[in-house]
Amino acid sequence: MERCFIVQITQKQMQTMTGELGAEVNWMKKIQGEYTEGNRNLAGLLPQHSVNRLDGSVGKPQNTSQSTIFCSLKRIELKVEKNKLHLEEILRHLDHQAGGIQKTRRPLGWPSNFPLENDDCFQEWEKFLCNEKNFDYAVSYFSFVSNCSPSENVRNFLSKVLTNKFAQHFNWVGHGEKRAFRNTLTKKLLYAYPRTPSNSHEEKSMDEATKNWLKLAKARSNYTKRAMK
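Residues numbered from 1 in each chain as written. Predicted model: local features only at pLDDT ≥ 70, side-chain atom pairs only at ≥ 80, totals over all residues. Heavy atoms only, no water.

Each helix and strand counted, the protein has 9 helices and 4 strands in total. Along its sequence from the N terminus, the protein presents helices and strands in the succession α-β-β-α-α-α-α-α-β-β-α-α-α. Expressed as a percentage of the 229 residues in the protein, the buried residues total 35%. In the protein, the proportion of contacts linking residues at least 24 apart, taken out of those at least 6 apart, comes to 65%. Counting only carbon and sulfur atoms, one obtains 51% of the accessible surface of the protein, whose full area is about 14800 Å². (Helix = DSSP H or I, 4+ residues; strand = E, 2+ residues; numbered from the N terminus. Buried < 20%, exposed > 50% of the residue type's maximum accessible area, 1.4 Å probe, protein only. Contact = heavy atoms within 4.5 Å. Areas by Shrake-Rupley, 256 points an atom, 1.4 Å probe, with all protein chains shown as cover.)

Next up on the list: a positive patch on the surface. Side chains of Lys 165, Lys 178, Lys 218 and Lys 225 sit close together on the surface and give a patch of like positive charge. On the basis of relative accessibility, which here comes to 61%, the residue Lys 165 falls in the exposed class. (Patch = residues over 30% accessible without salt bridge, like charges linked within 9 Å, V, L, I, M, F, W, Y side chains within 5 Å. Salt bridge = Lys/Arg side-chain N within 4 Å of Asp/Glu carboxyl O. Lys, Arg positive; Asp, Glu negative; His and termini not counted. Charge placed at Lys NZ, Arg CZ, Asp CG, Glu CD.)

Moving on, we come to the packing of aromatic side chains. Under the criterion given, the structure shown has 18 aromatic pairs. Residues Phe 142 and Phe 157 carry aromatic rings whose centres are separated by 5.2 Å and whose planes lie at 70 degrees to one another, so their mutual orientation is edge-to-face. With a gap of 15 residues between them, Phe 142 in the loop between α4 (132-141) and α5 (150-161) and Phe 157 in helix α5 connect regions that are remote in the sequence. Just as Phe 142 is buried, Phe 157 falls in that class too. (Phe/Tyr/Trp six-rings, centres within 6.5 Å; stacked < 30°, edge-to-face > 60°.)

Right, let's get into the packing of α5 against helix α8 (residues 200-215). At a minimum axis separation of 8 Å, α5 and α8 run at an interaxial angle of 40 degrees. The angle between the axes of α5 and α8 places the two elements in the oblique class. When you trace α5 past α8, the crossing you get is right-handed. Counted together, Pro 150, Ser 151, Val 154, Arg 155, Leu 158 and Ser 159 of α5 and Glu 202, Ser 205, Met 206, Ala 209, Thr 210 and Trp 213 of α8 form the full contact between these two elements. (Axes fitted to C-alpha atoms, helices over the stretch in contact; angles between N-to-C directions. Parallel < 35°, antiparallel > 145°, perpendicular 65-115°, else oblique. Left-handed = near helix turned anticlockwise from the far one by under 90°.)

Here the focus is the environment of Asn 164. Mapping Asn 164 onto the fold places it in helix α6 (residues 164-167). Taking the C-alpha atoms as reference points, Asn 164 and Arg 220, 56 residues apart in sequence, are found 6.5 Å from one another. Those residues in contact with Asn 164 that lie beyond four places of it in its chain are Trp 213, Ala 217, Arg 220, Ser 221 and Thr 224. Among the polar contacts listed, one links the side chain of Asn 164 to the side chain of Arg 220, at a separation of 2.7 Å. (Polar contact = N/O pair within 3.5 Å; in protein donor to acceptor, adjacent residues only side chain to side chain.)

The next thing to look at is the pattern of salt bridges. Pairing is possible between side chains of opposite charge, provided their charged atoms come close. All told, the structure shown has 2 salt bridges when counted by the stated rule. The residue Asp 119 makes a salt bridge to Arg 179 at a minimum N-O spacing of 2.6 Å. Of this pair, Asp 119 sits in helix α3 (residues 119-129) while Arg 179 sits in strand β4 (residues 179-180); the two residues are 60 residues apart in sequence, bridging distant segments of the chain. A salt bridge links Glu 208 to Lys 211; its shortest N-O distance comes to 3.4 Å.

Inspection of the secondary structure puts Thr 163 in the loop between α5 and α6. Note on Thr 163: relative accessible area 18%, which makes it buried.

Now for unusual backbone geometry. For the bond running from Phe 114 to Pro 115, omega is 0 degrees, close enough to zero to count as cis. Within the secondary structure, Pro 115 is located in the loop between α2 (65-103) and α3.

We now examine the confidence of the model for the protein. For the protein, the mean per-residue pLDDT works out to 76, and 62% of the residues sit at or above 70. When pLDDT is averaged over each helix and strand of the protein, the minimum, 46, is found for strand β2 (residues 58-59) and the maximum, 97, for α3. In this model, residues 1-9 is a region of pLDDT below 50 whose contacts with residues beyond four sequence positions or in other chains number 18 contacts. Across residues 38-43, confidence stays below pLDDT 50; counting only partners more than four residues off in sequence or on other chains, it has 7 contacts. (pLDDT = per-residue confidence, 0-100.)

Trp 110, Trp 125, Phe 142, Leu 162, Phe 181, Leu 189 and Leu 190 are the most contacted members of the largest nonpolar core, which has 32 residues in total. Per element, the largest residue contribution to this core is 5 residues, and it comes from α4. Each residue touching Leu 162, except ones within four places of it in the same chain, is listed here: Pro 115, Leu 116, Phe 122, Ala 167, Phe 170, Phe 181 and Trp 213. (Core = buried A, V, L, I, M, F, W, Y, C linked by side-chain atoms within 4.5 Å.)

Right under this line is the structure:
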């Protein structure tokens, strides 16, 4: 389950990087085709906006076909190298997480099923997290939910821990008869490394994402019911 979820995240990242590279390659092929046929002026194919130089500065498009092709090849080469580094980092993360989870024995009291679906299960889960070693294991176990934006990390984590139906028993501060999620150890786990907000902006973003996820739990639950009919 853990590895499957990691793959879903990394596939999204790789698709984005591959799409960027594909756009560069297609543009380059178009230029080379027109240059070979001699049917068009290459300058007319260049984007009308400014072109980023390799040193990061901005300048006007080149006037010669040779310099245009050379610049394009360099851009593709740099992007390929950048994507290669990203993929290597993702693979190292996958190996580390999969190896660490497999080698660490689950502590006594670890829930038999996620997401949690009732108050009894949640109470046992919170009790389990009171133990420092158990909490550290949970941090390691859920650290794979951490490769997206702060808001996406919140939604991914909460969807793994709470069912939509049970999440309706919570709100952020505990208004009415609902439980205050911000006072739970599960919230502390959500904000634990590597999802720990690095600044006040990220923390606010995670707070708002948590509030919204809990607020929309009933709507998601109703939608699921209708979809299953």
